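# Per-entry structural report
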Amino acid sequence: MNICRFMLYLTLSVLHLSGYSQSENDDSPAQYFASLSAGFGMMYGGLGANLEVGAGHISGFGGFGYAPETNDGNANIPSSFNYQIGLRYSFDVGSKFIYPRVGLGFGWVTNYYDERIKNKPYDHSVEGATLHAGIQVYSGEGFVFSFDAGMGSNLIITNQNSHPHFYPFYIRPCIGIGYDVSRLFDRKNRKIKNDEINPFEV
């Protein structure tokens, strides 16, 4: 839980600094944004929801979801409730609708079983650091479509001894659809996320 508190503190600190930096540069309030999405993948805790809040290029996110029980042909893999939190950086490519992004997260990676484990006791639910890379697409109506690749490794998971034979490199899609909820609080000035981003400004 110390890592979770650190990630939350880091997220809030970065968002504060991002907003302060933008206001210093242009003497106007930072353009904050928030979106709430439903989807699947490690960023959503399996099947779940993801809330993203940010300013400028930087955002923090938190996801919570449920991974149902599965069977890989050799054993039943129990279900679990899961979370993931982290930070993202969005790039400007000259579009008001398309934003490539990368991210760093901590939390649930996957539930797994390896036939080499056989009947030995192990922890099926894997948590650790993750990397994300993908793209976010905004519609003019405020809908948000997210397509990311979530990546993990046995080198950056917690309690490695409890997860024998986990993958040296693990990658899975994370796909979600949501809504730009910041529009609900600013109906007079409906802007698409990051409309004012320009990475080439000093």
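This report concerns the structure included in the present document. (Residues numbered from 1 in each chain as written. Predicted model: local features only at pLDDT ≥ 70, side-chain atom pairs only at ≥ 80, totals over all residues. Heavy atoms only, no water.)

## Focus on the packing of aromatic side chains
Within this structure, the stated rule accounts for eleven aromatic pairs. Relative to Tyr170, the ring of Phe166 has its centre 5.9 Å away and its plane inclined at 40°; by these criteria the two rings are tilted. With respect to class, Phe166 is no different from Tyr170; both count as buried. Three or more aromatic residues joined by ring pairs make a cluster, and in this case those are Tyr112, Tyr113, Tyr122, Phe166, Tyr167 and Tyr170. Taking NZ or CZ as reference, Arg88 lies 4.1 Å from the ring centre of Phe61, over its face. (Phe/Tyr/Trp six-rings, centres within 6.5 Å; stacked < 30°, edge-to-face > 60°. Buried < 20%, exposed > 50% of the residue type's maximum accessible area, 1.4 Å probe, protein only. Lys NZ or Arg CZ within 6 Å of the ring centre and 35° of its normal.)

## Looking at the pairing of strand β8 (residues 125-138)
Bridge analysis of strand β7 (residues 98-111) against β8 gives 13 bridges, and the strand direction is antiparallel. Bridged to Leu104 within β8 is Leu131. Where β8 meets strand β9 (residues 143-152), eight bridges bridge the pair, whose relative direction is antiparallel. Bridge pairing in β9 places Ile135 opposite Phe147. Count of turn residues in the β8/β9 antiparallel hairpin: four residues, of which Gly142 carries a positive phi of about 100°. (Pairing = 2+ DSSP bridges. Helix = DSSP H or I, 4+ residues; strand = E, 2+ residues; numbered from the N terminus.)

## Remarks on the pairing of strand β2 (residues 46-55)
Across a regular strand the side chains alternate sides, sitting on one face of the sheet and then on the other. Pairing of strand β1 (residues 32-41) with β2 involves ten bridges; the strand directions are antiparallel. By the bridge assignment, Phe33 is partnered in β2 with Gly54. Taken together, β1 and the strand that follows it, β2, pair antiparallel across an intervening segment of four residues, in which Gly45 is found at a positive phi of about 70°. Pairing between β2 and strand β3 (residues 58-67): nine bridges, direction antiparallel. When the bridges of β3 are listed, Ala49 appears paired with Phe64. Once β2 ends, the chain turns through two residues before running back antiparallel as β3, passing Gly56 with a positive phi of about 65°.

Keep in mind that these numbers describe shape and distance, not what the molecule does.
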